[in-house]
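Now for the letters of each chain:
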Amino acid sequence: PTSAQVSVVPHSGRFCYTLDNDLLTTEQRQFYEDNGYLVIKNLVSDEDIERFRKEFTRICKREVKPPGVMIMKDESLRSQFGQSEKVVNKVQDFQEDEELFRYCTLPEVLKYVECFTGPNIMAMHTMLINKLPDSDKQTFLHPMHQDLHYFPFRPASRIVCAWTAMERADRDNGCLVVQPGTHKTTLKPHGYPEREGKTNKLFHGLLDEDEKIPKVHLVMEKGDTVFFHPLLIHGSGINRTSGFRKSISCHFASSECHYIDVKNTTQEHLEKELQEMVCKKYDTTSVELKDIWNFRARLVQGERINL
């Protein structure tokens, strides 16, 4: 077995998803073990959040054009506003933008990330989400999903998302919704939901959602950060306000994780969709899912081993 497979063995008989260090209390570790997420209050400063907000606006206005960044627009508004904050619902893959990528290197974030990944940390996937006021079409309702669906690397227990609210997030403006404990399940089939109206690219959701599993709405204040497992089933609701609900996030993984081949798995159709997008954008003919992730990945702490 690779070192990545060996490292999935828990450090103690009690904990499978967190590693031994002095940062998390026993109660915090047990909460994450049981529920698959943990909220840390007031972790990121107002000053940093305002800097991220300004850089997002500059990217929307095309005042800066970081290489590799994917600017994702709402399909139902694409023809109306051109390029502005009013139409951009997500800036993804900002690893080449020095200002936004600072989020992935903040010591206050990384010290918590290390509790889940260990000391060798890769920033794998970056997003600044701008949840727009929604129409009746519910374009911005992100269906319940598992993030591992998008990732061709394992083991899942050495991957964690850090998601920071850039303003208060509540049920009115479409906060995160989680199903506690679902991180203990397997990766389930995903696809586009069957509903009227246009669906935004890559907003995949569970094809068979269990409505009986309780849902928790994560009400968070500006600067609060939730860390969650990539198998945790989660999504976000409709923004019923007139404002924009922003958050910034990064998926981190231990550099000891390893890439897998997604052919003949439930992730194969995702690879094909991403291949088409990348080949069209970069005028290339052949690319694998792990090549895309290799391009995104950045070492932020420790030593680069496998990823």
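None of these values were measured; they are calculated from a predicted model.

Take the nonpolar core next. For soluble globular proteins, nonpolar side chains are generally found buried alongside one another. Grouped together as the largest cluster of nonpolar side chains are 40 residues, with contacts concentrated most on Tyr103, Cys104, Val109, Phe227, Ile248, Phe252 and Val300. Broken down by secondary-structure element, the contributors of at least two residues to this core are β1 (37-40), α3 (46-60), β3 (88-92), α5 (98-101), α6 (107-117), β4 (121-131), β7 (159-165) and β14 (245-254). Among the elements that take part in this core, α6 stands out by supplying six residues, more than any other. Filtering out sequence-adjacent residues up to four positions away, isoleucine 248 remains in contact with Phe52, Phe94, Leu100, Tyr103, Met127, Leu128, Ala162, Trp163, Thr164 and Met166.

What follows deals with unusual backbone geometry. Omega for the peptide link from arginine 154 to proline 155 comes to 5°, which places this bond in the cis form. Note on placement: proline 155 falls in the loop between β6 (153-154) and β7. In the Ramachandran plot, arginine 62 falls in the positive-phi region, its phi being about 60° despite a non-glycine side chain. Residue position: arginine 62 is located in the loop between α3 and β2 (70-73).

The next thing to look at is the pairing of β7. Counting buried positions over the seven residues of β7 gives seven, a clear majority of the element. Here β7 shows two buried faces, one formed by Ile159, Cys161, Trp163 and Ala165 and the other by Val160, Ala162 and Thr164. In this structure, β7 lies alongside β14, joined through seven bridges in antiparallel fashion. For threonine 164, the partnering residue across the bridge sits in β14 and is isoleucine 248. Bridge count between β7 and strand β12 (residues 225-228): four bridges; the pairing is antiparallel. Residue cysteine 161 lies in a different strand from β12, and its bridge partner there is phenylalanine 228.

On to the sheet that holds strand β5 (residues 142-145), then. Spatial ordering of the open sheet is given by β5-β13-β8-β11, a layout of four strands whose pairing is antiparallel. Each of the sheet's edge strands pairs with one partner strand only, and the pair in question is β5 and β11 (216-217). Alignment of β5 against strand β13 (residues 234-236), held across two bridges, turns out to be antiparallel. Residue pairing for β13: histidine 142 is matched across the bridge by serine 236.

With that out of the way, let us pick up the packing of aromatic side chains. Considering all chains together, one arrives at nine aromatic pairs under this definition. Ring centres 5.6 Å apart and planes at 75° place the aromatic pair phenylalanine 153 and tryptophan 293 in the edge-to-face group. Taken together, the residues span a long stretch of sequence, with phenylalanine 153 in strand β6 and tryptophan 293 in helix α8 (residues 289-296) at a distance of 140 residues. Assigned by exposure class, phenylalanine 153 and tryptophan 293 land together as buried. Note that arginine 296 overlies the ring of tryptophan 293, its terminal NZ or CZ placed 4.4 Å from the centroid.

Thresholds applied
Residues numbered from 1 in each chain as written. Predicted model: local features only at pLDDT ≥ 70, side-chain atom pairs only at ≥ 80, totals over all residues. Heavy atoms only, no water. Core = buried A, V, L, I, M, F, W, Y, C linked by side-chain atoms within 4.5 Å. Buried < 20%, exposed > 50% of the residue type's maximum accessible area, 1.4 Å probe, protein only. Helix = DSSP H or I, 4+ residues; strand = E, 2+ residues; numbered from the N terminus. Contact = heavy atoms within 4.5 Å. Pairing = 2+ DSSP bridges. Phe/Tyr/Trp six-rings, centres within 6.5 Å; stacked < 30°, edge-to-face > 60°. Lys NZ or Arg CZ within 6 Å of the ring centre and 35° of its normal.

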